[in-house]
Amino acid sequence: MTTQLADIVTGIPSLRGVFVTAMPDCLLYDSWCRPEEEWIGEDVASYFGDLVRANREGLKSLGAWSSEMQVTIESGNILLVLRELATDFVVALAFERNAPLGMIRLHVKRLADSLLDYLPKVAPEDRPRGVRVTEFLMRYAPDSHAAMRRVALRTGIPIATLEQPADLSTEQVALLETAVRDILGLEALNI
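From a predicted model like this one, the values you see are computed outputs, not experimental measurements.

Visitor: Help me understand helix H3 (residues 101-118) in this model?
Guide: Owing to its 3.6 residues per turn, the α-helix brings residues three or four apart onto one side. Between the first and last C-alpha of H3 there are 25 Å, a value that for 18 residues agrees with the 26 Å anticipated at 1.5 Å per step. All of the buried residues along H3 are Ile-104, His-107, Val-108, Leu-111, Ala-112, Leu-115 and Tyr-118. When H3 is viewed along its axis, its buried side chains cluster within an angular range of 140° and face the same direction. Counted as exposed and oriented over 90 degrees from the buried face of H3: Gly-102, Arg-105, Arg-110 and Asp-117.

And the structure:
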């Protein structure tokens with residue numbers, strides 16, 4: 001797998017690293033970095049997926065979302081471009097900071113096309129909504145150790161029942177989702 005990704009990125013002198021994140025779970029699918037880089041793909045993959053997801057939702061709220069959307073982040077020593085590939089993957093491309101932006105855009109377009117051919121076509125896993133809502137809560141709750149107790153208090157659903165989210169009834173899932181939105185201060189859960 002890594003050899004193929006390395007072959008795809010060959011010949012781009014300003015490229016420092018590539019991280020491919022599988023969505024919607026934001027797990028690292030594959031990565032490539034220059035030998036001198038000390039980045040660990042697993043440490044950054046979930047952040048890149050979350051950044052693209054947050055950007056997409058922000059643009060949707062402004063009525064400006066497009067499937068060709070990409071996020072460009074300029075820092076002191078890198079220029080990072082995040083791009084959604086279909087709905088299954090996000091690619092993060094780290095370039096040298098001094099690389100010309102026009103060349104970076106050209107490289108991003110070409111790499112995105114090549115990566116679409118390289119990546120598998122994934123059918124989304126059909127997990128029960130209660131499981132997805134619970135996972136979302138555990139991931140984003142500031143006090144995840146107490147989150148389920150807070151949900152139990154708000155919903156009246158016993159903790160033992162909440163610990164088996166796949167078995168929740170439709171009404172219980174609705175109560176769970178409302179409690180999670182309230183706890184996290186969100187209007188909607190985009191899962």
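So much for the structure itself; the text now carries on.
Visitor: Sorry if this is basic, but what is going on with the pairing of strand S5 (residues 89-96) here?
Guide: Every other side chain in a regular strand lies on the same face of the sheet, so the side chains alternate between the two faces. Judged by how many residues are buried, S5 sits mostly within the fold: seven of eight residues are covered. One ladder, built from seven bridges, connects strand S1 (residues 15-22) with S5; its direction is antiparallel. Bridged to Val-20 within S5 is Val-91. Direction of pairing for strand S4 (residues 78-85) relative to S5: antiparallel, over a ladder of eight bridges. The partner of Leu-82 across the bridge, within S5, is Ala-92.

Visitor: Help me understand the side chain of Glu-177 in this model?
Guide: Among the structural elements, Glu-177 can be located in helix H7 (residues 170-184). Apart from the residues within four sequence positions on either side, Glu-177 is in contact with Arg-129, Val-133 and Leu-189.

Visitor: Please explain the pairing of strand S2 (residues 27-33) as it appears in this structure.
Guide: Bridging between S1 and S2 involves six bridges; their strand directions are antiparallel. Paired with Phe-19 across the strands is Ser-31, a residue of S2. Between S1 and the antiparallel strand that follows it, S2, lie four residues; Cys-26 among them carries a positive phi value of about 60°.

Visitor: Would you explain the nonpolar core in this entry?
Guide: One broad rule of soluble globular proteins: the nonpolar side chains tend to lie buried together. Among the nonpolar cores identified, the biggest contains 22 residues, and Leu-15, Val-18, Leu-93 and Phe-95 are the most heavily contacted of them. Elements represented by at least two residues in this core include exactly helix H1 (2-9), S1, S4, S5 and H3. If one sorts the elements of this core by residue count, H3 sits on top with six residues. By size, the runner-up hydrophobic cluster in this structure holds 18 residues, among which are Leu-162, Val-173, Val-180 and Leu-184.

Visitor: Before we go on, may I ask you to explain the pattern of salt bridges in this structure?
Guide: Side-chain pairs of opposite charge can arise where the charged atoms are in close proximity. Considering all chains together, one arrives at seven salt bridges under this definition. Note that Arg-34 and Glu-96 form a salt bridge whose closest N and O atoms lie 2.5 Å from each other. You can see Arg-34 sitting in the loop between S2 and helix H2 (41-61) and its partner Glu-96 sitting in strand S5, a full 62 residues away along the chain. In this structure Arg-34 comes out as buried when scored by relative accessible area, which is 16%. When the shortest N-O distance is used, the salt bridge between Lys-109 and Asp-113 registers 3.3 Å. Pair noted here: Lys-109 and Asp-113 are both in helix H3, with a separation of four residues, about one helical turn. For Asp-113, a relative accessible area of 37% puts it in the partly exposed group. Taken together, the shared-partner salt bridges connect Arg-34, Glu-36 and Glu-96 into one network.

Rules behind the numbers
Residues numbered from 1 in each chain as written. Predicted model: local features only at pLDDT ≥ 70, side-chain atom pairs only at ≥ 80, totals over all residues. Heavy atoms only, no water. Helix = DSSP H or I, 4+ residues; strand = E, 2+ residues; numbered from the N terminus. Expected span 1.5 Å × (residues − 1). Buried < 20%, exposed > 50% of the residue type's maximum accessible area, 1.4 Å probe, protein only. Arc of directions from axis to C-beta. Pairing = 2+ DSSP bridges. Contact = heavy atoms within 4.5 Å. Core = buried A, V, L, I, M, F, W, Y, C linked by side-chain atoms within 4.5 Å. Salt bridge = Lys/Arg side-chain N within 4 Å of Asp/Glu carboxyl O.

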